[in-house]
Amino acid sequence: LLNLKPVVSLDDTGKGKIEAKAFSLKTNTKKIINIVKRSNENNGITRYAILHANDHARAEKYRKKFVELLKKEPEYIMNISTIVGLSAGVGSVAIAYMNEKEVQDE
(Lines give C-alpha, C1' and ligand atoms only; values in the text may rest on other atoms or scores of the structure.)
Protein backbone atom coordinates (compact mmCIF):
# COMPACT_ATOMS: atom_id res chain seq x y z
CA LEU A 1 0.00 0.00 0.00
CA LEU A 2 2.80 2.43 0.88
CA ASN A 3 5.12 0.96 -1.80
CA LEU A 4 7.72 0.45 0.95
CA LYS A 5 10.88 -1.36 -0.14
CA PRO A 6 12.57 -2.82 2.93
CA VAL A 7 16.20 -3.87 3.04
CA VAL A 8 16.11 -7.20 4.83
CA SER A 9 19.16 -8.86 6.34
CA LEU A 10 19.85 -11.84 8.59
CA ASP A 11 21.09 -11.55 12.15
CA ASP A 12 23.71 -13.85 13.71
CA THR A 13 21.09 -16.52 14.38
CA GLY A 14 19.73 -16.47 10.81
CA LYS A 15 16.53 -14.59 11.60
CA GLY A 16 15.37 -11.91 9.18
CA LYS A 17 15.39 -8.30 10.27
CA ILE A 18 14.64 -5.00 8.57
CA GLU A 19 17.97 -3.23 8.14
CA ALA A 20 16.59 -0.14 6.38
CA LYS A 21 13.50 1.14 4.55
CA ALA A 22 13.06 3.05 1.31
CA PHE A 23 10.20 4.28 -0.85
CA SER A 24 12.01 3.96 -4.20
CA LEU A 25 14.27 1.43 -5.88
CA LYS A 26 16.97 4.09 -6.27
CA THR A 27 17.04 4.83 -2.52
CA ASN A 28 16.78 1.11 -1.73
CA THR A 29 19.83 0.40 -3.90
CA LYS A 30 21.80 3.25 -2.29
CA LYS A 31 21.04 1.87 1.17
CA ILE A 32 22.16 -1.63 0.16
CA ILE A 33 25.37 -0.25 -1.34
CA ASN A 34 26.08 1.69 1.88
CA ILE A 35 25.48 -1.41 4.03
CA VAL A 36 27.85 -3.49 1.89
CA LYS A 37 30.43 -0.68 1.81
CA ARG A 38 30.40 -0.39 5.62
CA SER A 39 30.64 -4.15 6.03
CA ASN A 40 33.59 -4.30 3.64
CA GLU A 41 35.37 -1.44 5.43
CA ASN A 42 34.77 -2.93 8.88
CA ASN A 43 35.17 -6.65 8.23
CA GLY A 44 36.45 -7.17 4.67
CA ILE A 45 34.13 -8.96 2.26
CA THR A 46 35.88 -12.08 0.96
CA ARG A 47 33.25 -13.20 -1.56
CA TYR A 48 29.72 -12.45 -2.60
CA ALA A 49 26.86 -13.57 -4.83
CA ILE A 50 23.95 -11.75 -6.42
CA LEU A 51 20.49 -13.29 -6.49
CA HIS A 52 17.41 -12.01 -8.29
CA ALA A 53 13.75 -12.82 -8.82
CA ASN A 54 13.47 -12.82 -12.62
CA ASP A 55 15.25 -9.51 -13.11
CA HIS A 56 18.50 -10.19 -14.97
CA ALA A 57 18.91 -6.52 -15.92
CA ARG A 58 18.76 -5.28 -12.33
CA ALA A 59 21.11 -8.07 -11.22
CA GLU A 60 23.59 -6.95 -13.87
CA LYS A 61 23.38 -3.37 -12.56
CA TYR A 62 24.17 -4.71 -9.08
CA ARG A 63 27.10 -6.69 -10.50
CA LYS A 64 28.60 -3.55 -12.04
CA LYS A 65 28.16 -1.53 -8.84
CA PHE A 66 29.64 -4.19 -6.57
CA VAL A 67 32.56 -5.02 -8.87
CA GLU A 68 33.43 -1.32 -8.74
CA LEU A 69 33.03 -1.21 -4.94
CA LEU A 70 34.59 -4.56 -3.98
CA LYS A 71 37.12 -4.87 -6.83
CA LYS A 72 36.08 -8.45 -7.60
CA GLU A 73 33.44 -10.31 -9.55
CA PRO A 74 30.64 -12.12 -7.72
CA GLU A 75 31.03 -15.86 -7.20
CA TYR A 76 27.79 -16.27 -9.13
CA ILE A 77 24.60 -14.53 -10.22
CA MET A 78 21.45 -16.64 -10.20
CA ASN A 79 17.70 -16.58 -10.08
CA ILE A 80 16.44 -16.84 -6.52
CA SER A 81 14.15 -19.70 -5.52
CA THR A 82 10.49 -19.49 -6.45
CA ILE A 83 9.44 -19.46 -2.78
CA VAL A 84 11.67 -16.48 -1.97
CA GLY A 85 10.61 -14.78 -5.19
CA LEU A 86 6.96 -15.13 -4.20
CA SER A 87 7.61 -13.59 -0.79
CA ALA A 88 9.96 -10.82 -1.86
CA GLY A 89 8.31 -10.20 -5.22
CA VAL A 90 9.33 -10.44 -8.83
CA GLY A 91 12.15 -8.00 -9.51
CA SER A 92 13.74 -8.39 -6.09
CA VAL A 93 17.52 -8.48 -6.00
CA ALA A 94 19.76 -9.56 -3.15
CA ILE A 95 23.44 -9.71 -2.34
CA ALA A 96 24.84 -12.39 -0.07
CA TYR A 97 28.38 -12.03 1.21
CA MET A 98 30.95 -13.44 3.60
CA ASN A 99 33.21 -11.30 5.73
CA GLU A 100 36.90 -11.90 6.32
CA LYS A 101 36.31 -11.90 10.09
CA GLU A 102 33.68 -14.67 9.78
CA VAL A 103 36.03 -16.84 7.70
CA GLN A 104 38.84 -16.45 10.28
CA ASP A 105 36.47 -17.42 13.10
CA GLU A 106 35.58 -20.77 11.44
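Provided above is the structure to which this section pertains.
We now turn to the structure provided with this report. Sequence order as written defines residue numbering, which begins from 1 separately in each chain. With pLDDT at 70 or above as the cut-off, local features in this predicted model cover only qualifying residues; side-chain atom pairs require 80 or more to be listed or tallied, and sums for whole chains, interfaces and linings still use all residues. Hydrogens and waters are ignored; side-chain quantities use all the structure's heavy atoms.

## Some words on the pairing of strand 1 (residues 5-10)
Counted only if it meets this: The classification of residues rests on relative accessible area computed with a 1.4 Å probe and restricted to protein chains. Under 20% of the type maximum is buried, over 50% is exposed, and intermediate values are partly exposed. Helix and strand definitions follow DSSP, with helices as H or I runs of at least four residues and strands as E runs of at least two, each counted in order from the N terminus. Here a strand pair is declared whenever DSSP counts at least two bridges between the two strands.
Because side chains alternate across strand 1, one face comprises the buried residues K5, V7 and S9, and the other comprises P6, V8 and L10, none of which is buried. Count of turn residues in the strand 1/strand 2 (residues 16-22) antiparallel hairpin: five residues, of which G14 carries a positive phi of about 90 degrees.

## Brief notes about a positive patch on the surface
Just so we agree on the cut-off: Put simply, a patch holds well-exposed residues, over 30% relative accessible area, that have no salt bridge, with like charges counted together within 9 Å and Val, Leu, Ile, Met, Phe, Trp or Tyr side chains within 5 Å. Note on areas: Shrake-Rupley, 1.4 Å probe, and residue coverage restricted to the protein chains presented here. Throughout this description, the term salt bridge denotes a Lys or Arg side-chain nitrogen within 4 Å of a carboxyl oxygen of Asp or Glu. Just so you know, the count uses Lys and Arg for positive and Asp and Glu for negative, and it drops His and the chain ends. The location of each charge is read from NZ of Lys, CZ of Arg, CG of Asp or CD of Glu.
A grouping of K26, K30, K61, K64 and K65 is seen on the molecular surface, where their side chains present a positively charged patch. Element by element, the count of residues in the positive patch is highest for helix 2 (residues 56-70), at three residues. Judged by its relative accessible area of 40%, K65 falls in the partly exposed class.

## Focus: the pattern of salt bridges
Inspection of every chain in the model, using the stated rule, returns three salt bridges. E73 serves as the salt-bridge partner of R63, at 3.0 Å between the closest nitrogen and oxygen. Remark: E73 occurs in the loop between helix 2 and strand 4 (77-79) and R63 occurs in helix 2; sequence separation between them is 10 residues. Classification of E73 by relative accessible area gives partly exposed; the value is 46%.

In short, geometric facts, not functional conclusions.
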